[in-house]
Amino acid sequence: MLTRPLGRSPLHVSALAYGGWRLAGSEGSPAATSNEPGIRALHAAVEAGFTFFDFADIYAGGRCETIFGEALRASPGLRNRLIIATKCGIRRPGDNHPDAPYRYDFSRPYLLQSVEGSLQRMGLTEIDLLMLHRPDYLMDPAEVAGVFADLRQSGKVREFGVSNFRPSQFAALQQACPFPLVVNQVEISLFRPDCLEDGTLDQCQERGVTPMAWSPLARGALVQPPTSELDLRRRAVLTRLHQLAQAKGVTPAGLALAWLLRHPAGIIPIVGSANPQRIAEQAEAGSIPLSREEWYQLMEAAHGSRLP
Ligand SMILES: NC(=O)c1ccc[n+]([C@@H]2O[C@H](COP(=O)([O-])OP(=O)(O)OC[C@H]3O[C@@H](n4cnc5c(N)ncnc54)[C@H](OP(=O)(O)O)[C@@H]3O)[C@@H](O)[C@H]2O)c1
């Protein structure tokens, strides 16, 4: 798989990332009670050429990081071939106190505690990329910048980024940070093209920040057939996507990922399938050519009306 630089850092990563959110399965699935299916998915991702892996401390209450740690321990040498990202800053209800609501917490003690937990679950001494998962309404940029500087100084984290930040929130944190933030991980797909219009991608291009696209297949909704129950815009996207995919002899999923890869901001889509065959297929998205006209046919459908 092709690689690209991660923001303005010295790190290089695969053009698509593999996301570990679904490794622990859903209720009733085999992965809910056994780590084996998740480990198989991770091996499929490594074999398909993914070198960039995305996690969060809260995925399945930490179990996804634990599964990843188990896979790393079973394959000596693997860790050094990968760039490992995780996120922090969201606290579940009841976390630490029975009355505690669902909330965001970028306080120094909580961020430091969260990093220790992720390091331990994955069996790492160093995280390559740490992201703040969702903006904390009470974020103090100077406090967060101080935590980042200390984590880098102690060798526990190499690079830092954010997730779901508006451009203004990104700028507020960046002005306090002594080094460049390298990533903004946001939802981008043909069903959620907002970041192309709200300044998020413009800011990434202006500052050399890598946009990572979460749920690039809209949680699987982009691979559904275009049925009549869907609203007009979604039906138009799926109709165009399926037609183009068929004409090119590729899968709709591959084409939806290729649409993201075609953008000059260097979007890194995060593949979320836990199915080894689909992981291998979607890893090939970078080799699907897409002309400017084809890209715009899909953009127009995603936009929901003719572009002026
Ligand atoms: N920063 C954030 O706030 C945030 C939020 C959400 C996610 N994320 C990250 O983004 C990653 C990807 O998100 P996502 O999992 O929602 O990505 P996605 O690629 O949009 O959706 C994956 C889902 O689509 C299904 N799917 C994929 N291809 C399919 C096909 N050909 N046929 C049928 N079903 C198909 C998968 O099922 P199978 O597993 O059965 O293939 C899976 O349930 C996560 O792992 C996580 O790392 C970040």
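Predicted, not measured: the structure shown is a model, and the values here were computed from it.

Caption draft 1: Examining the pattern of salt bridges more closely. Taken as a whole and judged by the stated rule, the model has 13 salt bridges. Ionic pairing is found between R91 and D95, a salt bridge with its closest N-O pair at 3.1 Å. Residue classification places R91 among the buried residues on the basis of a relative accessible area of 7%. Between R152 and E159 there is a salt bridge, with the nearest N and O atoms lying 3.0 Å from each other. The exposure class of R152 is partly exposed, given its relative accessible area of 31%. Relative accessible area serves as the criterion here: at 8%, E159 is assigned to the buried category. Among the charged side chains, a network of salt bridges with common partners joins E187, R192, D194 and R219.

Caption draft 2: Representation of the site of the ligand within the structure. Around the ligand, the surrounding shell holds 27 residues, and the nearest of these are R22, D54, S215, S273 and R278. Between the ligand and G19 there is a distance of 3.3 Å, counted from an oxygen atom to a backbone nitrogen or oxygen. Between the ligand and N164, the relevant distance is 3.0 Å, taken from an oxygen atom to a side-chain nitrogen or oxygen of the residue. Taken by itself the ligand offers 920 Å² of open surface, and the protein chains cover 84% of this. Among the residues forming the shell around the ligand, the class breakdown is nine nonpolar, 12 polar and six charged.

Caption draft 3: Inspection of helix α7 (residues 232-248) at higher detail. Across its 17 residues, α7 extends 24 Å between first and last C-alpha, which sits within 8% of the 24 Å expected from 1.5 Å per residue. Every buried residue of α7 is listed here: V237, L238, L241, L244 and A245. What you see down the axis of α7 is that its buried residues fit within an arc of 140°, all on one side. For α7, the exposed residues set more than 90 degrees away from the buried face come down to L232, Q246 and A247. At its buried positions, α7 is contacted by α8 (252-261) and α10 (292-303). For α7, the capping residue at the N-terminal end is D231, with a side-chain oxygen 3.1 Å from the backbone nitrogen of R233. Phi turns positive, to about 70°, at G249, one or two residues after α7.

Caption draft 4: The arrangement of the domain arrangement of the protein in detail. According to the domain assignment, the protein contains domain 1 (11-181) and domain 2 (191-308). When each unit is reduced to the centre of its C-alpha atoms, the spacing between domain 1 and domain 2 is 25 Å. In this complex, domain 1 contributes 25 residues to the contact, which on the side of domain 2 involves 25 residues. Per-residue buried area on domain 1 facing domain 2 is highest for L16, R22 and P167; these three make up 28% of the total on that side. There are six residue pairs in polar contact (both at pLDDT 80 or more) connecting domain 1 and domain 2.

Caption draft 5: Summary view of unusual backbone geometry. The phi dihedral of A60 is positive, around 50°, even though this residue is not glycine. Relative accessible area serves as the criterion here: at 45%, A60 is assigned to the partly exposed category. Phi at N96 takes a positive value of approximately 85°, unusual for a residue other than glycine. Counting through the fold element by element, N96 comes out in the loop between β6 (90-91) and β7 (103-104). Under the relative-accessibility criterion, N96 is labelled exposed at 65%.

Caption draft 6: Local environment of the pairing of strand β5 (residues 83-88). With six of six residues buried, β5 is to be regarded as a mostly interior element. Sheet topology places strand β4 (residues 52-54) next to β5; three bridges connect them, and they run parallel. Counterpart to F52 in the pairing with β5 is I83. The sheet contact formed by β5 and strand β8 (residues 127-132) spans four bridges and is parallel. Across the sheet, the residue bridging to C88 is L132, located in β8.

Calculation criteria
- Residues numbered from 1 in each chain as written.
- Predicted model: local features only at pLDDT ≥ 70, side-chain atom pairs only at ≥ 80, totals over all residues.
- Heavy atoms only, no water.
- Salt bridge = Lys/Arg side-chain N within 4 Å of Asp/Glu carboxyl O.
- Buried < 20%, exposed > 50% of the residue type's maximum accessible area, 1.4 Å probe, protein only.
- Near = heavy atom within 4 Å.
- Polar contact = N/O pair within 3.5 Å; in protein donor to acceptor, adjacent residues only side chain to side chain.
- Areas by Shrake-Rupley, 256 points an atom, 1.4 Å probe, with all protein chains shown as cover.
- Nonpolar A, V, L, I, M, F, W, Y, C, P; charged D, E, K, R; others polar.
- Helix = DSSP H or I, 4+ residues; strand = E, 2+ residues; numbered from the N terminus.
- Expected span 1.5 Å × (residues − 1).
- Arc of directions from axis to C-beta.
- Contact = heavy atoms within 4.5 Å.
- Domains from an automatic or database assignment.
- Buried area = accessible area lost by both parts, 1.4 Å probe.
- Pairing = 2+ DSSP bridges.

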